[in-house]
Amino acid sequence: MISFYPGPSRVHGSIPTYVKQAYREGIMEMNHRSAEFITMTKQTVWLLKKKLRIPHHYTVLFASSATECWEIIAQSLITQKSTHIYNGAFGKKWRDYTAALVASADAYAFDANEVLPPDNLTFHESDVICLTHNETSNGTALSNKCIKQIAVNNPHALVAVDATSSMAGVYLDFKAADCWFASVQKCFGLPAGLALMVLSPKAVERTASIAESNHYNSLHSMVAMMQQSQTTHTPNVLGIYLLMRVLEKMDDIKAVEEKLVKRYIDWETYFDKSTQLKFLINNQRARSLTVLTISATEKLVKRVKRESKQAGYLLGEGYGEYKNTTFRIANFPALKQKEIKALQDHLLQYL
Ligand SMILES: *Cc1c(COP(=O)(O)O)cnc(C)c1O
């Protein structure tokens, strides 16, 4: 079965080899306070910064899921109010989780077919503005330019960006925002159980001035531990090792993005020819490069998903309100060109 699910997703073909090597090398029993762990963490952070073009003065942290990152931000960075700008289910969920933990979490919802006009997005009372770079539920994305403009309009606030289904697939302008995060079971092509947080110096300063320390995963403590290349608790050591191994082989993010753009354009041309299967998002400029959401009648969606599975291709279910009328196709780096071609050949019958 080839998984085109946009998370958990197809893992890199090299993972079984790396897992065996990890076992042989004692990674699975590695002590997280050991010199070996510190070396591995340093190397992984170095590779992340290099391959993803993260500024060297930014701080990289390990967490276990994107959901955990939502909670870390709520407990450790939001003191007054957050504003959540979103157009889909993940952005909304982030707001709802935050609302349960902080005094006030405002929602600013926009239409999925709308390209966000950042000019008039200024929120004076918010200390954190939360954006979803790539909305996995409907297949939309924000541009780097838009994120940057929102940060420029709100110099008093931190801008936090959920890039779970785009980090390691497309180039992100890390300088433009203060807190980025992603779990690794999507674009990174790794097994679930690890997430990354990337903090700007401004965000690190904010964690120091707030100094919230009521939780095992308080950001202030996480940052302090990472200054020693360590974590507050026993982390997913195998996950960090696998991340390191995959990053060693990864191309520069701009080259990865170029590959995904080519594949995306190919998919766009493919579905443009169809009368039955259409992009859920009509506005091309609002679409995500990494998650394709295809809509059709309920009957056809059901048939396409069922028959594709029988043929060996796992398509992503529709998400939330689009559950029965869409399916999703990941355009993630771990997928092979010949697998994509095979799925395209299979889907021809439904066009
Ligand atoms: C998958 C996803 C999440 C949740 O990730 P977990 O690692 O399961 O917590 C959050 N945000 C977005 C945009 C996602 O795609």
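Residues numbered from 1 in each chain as written. Predicted model: local features only at pLDDT ≥ 70, side-chain atom pairs only at ≥ 80, totals over all residues. Heavy atoms only, no water.

## Concerning the domain arrangement of the protein chain
For step 1, the next point in the chain: Along its sequence, the protein chain is carved into domain 1 (2-8 + 252-350) and domain 2 (15-249).
For step 2, the next point in the chain: Computed over C-alpha atoms, the centres of domain 1 and domain 2 are 26 Å apart.
For step 3, the next point in the chain: Taken together, the contacts link 27 residues of domain 1 with 28 residues of domain 2.
For step 4, the next point in the chain: Summing the contributions of domain 1 and of domain 2, the shared interface buries around 2,300 Å²; its carbon and sulfur component is 58%.
For step 5, the next point in the chain: Linking domain 1 to domain 2 there are one salt bridge.
For step 6, the next point in the chain: Among the salt bridges present, the one from Arg53 reaches Asp252, with a minimum N-O distance of 3.0 Å.
For step 7, the next point in the chain: One can count 14 residue pairs in polar contact (both at pLDDT 80 or more) joining domain 1 with domain 2. (Domains from an automatic or database assignment. Contact = heavy atoms within 4.5 Å. Buried area = accessible area lost by both parts, 1.4 Å probe. Salt bridge = Lys/Arg side-chain N within 4 Å of Asp/Glu carboxyl O. Polar contact = N/O pair within 3.5 Å; in protein donor to acceptor, adjacent residues only side chain to side chain.)

## Digging into the site of the ligand
For step 1, the next point in the chain: The environment of the ligand is formed by Ser65, Ala66, Thr67, Trp70, Phe90, Asn134, Thr136, Asp162, Thr164, Ser183, Gln185 and Lys186.
For step 2, the next point in the chain: Ser183 is positioned such that a nitrogen or oxygen atom in its side chain is 2.7 Å from an oxygen atom of the ligand.
For step 3, the next point in the chain: For the ligand, the accessible surface in isolation is 390 Å², of which the surrounding protein chains cover 87%.
For step 4, the next point in the chain: Per-element tally for the shell around the ligand: the top contributor is helix H3 (residues 66-76), with three residues. (Near = heavy atom within 4 Å. Areas by Shrake-Rupley, 256 points an atom, 1.4 Å probe, with all protein chains shown as cover. Helix = DSSP H or I, 4+ residues; strand = E, 2+ residues; numbered from the N terminus.)

## Quick look at the pairing of strand E2 (residues 59-63)
Moving residue by residue along a regular strand, the side chains alternate between the two faces of the sheet.
For step 1, the next point in the chain: Counting buried residues along E2, five of its five residues qualify, which places the element largely inside the surrounding structure.
For step 2, the next point in the chain: Both faces of E2 are covered, namely the face carrying Thr59, Leu61 and Ala63 and the face carrying Val60 and Phe62.
For step 3, the next point in the chain: The sheet contact formed by E2 and strand E10 (residues 195-199) spans five bridges and is antiparallel. Residue Ala63 lies in a different strand from E10, and its bridge partner there is Ala195. (Buried < 20%, exposed > 50% of the residue type's maximum accessible area, 1.4 Å probe, protein only. Pairing = 2+ DSSP bridges.)

## Brief notes about the sheet that holds strand E5 (residues 128-132)
For step 1, the next point in the chain: The strand order across the open sheet formed by seven strands is E2-E10-E9-E8-E5-E3-E4, and the pairing between neighbours is mixed. Both edges of this open sheet fall to E2 and strand E4 (105-109), since each of them pairs with a single strand only. Strand-to-strand twist in this sheet, taken as the mean axis angle between neighbours without regard to direction, amounts to 20°. (Axes fitted to C-alpha atoms, helices over the stretch in contact; angles between N-to-C directions.)

## Describing helix H2 (residues 35-52)
For step 1, the next point in the chain: The terminal C-alpha atoms of H2 lie 26 Å apart, and with 18 residues this matches the ideal 26 Å at 1.5 Å per residue to within 8%.
For step 2, the next point in the chain: Residues of H2 that are buried: Phe37, Ile38, Met40, Thr41, Thr44, Val45, Leu47, Leu48, Lys49, Lys51 and Leu52.
For step 3, the next point in the chain: The inward-facing, buried residues of H2 abut E2, E10, helix H7 (219-226), helix H8 (237-249) and helix H9 (253-272).
For step 4, the next point in the chain: Arg53 occupies a position one or two residues after H2 and carries a positive phi of about 60°. (Expected span 1.5 Å × (residues − 1).)

## Concerning unusual backbone geometry
For step 1, the next point in the chain: A cis amide bond links Gly7 to the next residue, Pro8, at an omega of -15°.
For step 2, the next point in the chain: Within the secondary structure, Pro8 is located in the loop between strand E1 (2-3) and helix H1 (15-24).
For step 3, the next point in the chain: Positive phi, normally seen in glycine, also occurs at Ala168, with a value near 80°.
For step 4, the next point in the chain: Structurally, the position occupied by Ala168 is in the loop between strand E8 (158-162) and strand E9 (179-183).
For step 5, the next point in the chain: Residue Ala168 is classed as buried on the basis of its relative accessible area, which comes to 5%.
For step 6, the next point in the chain: Within the chain, Ala211 stands out as a residue other than glycine whose phi angle is a positive 50°.

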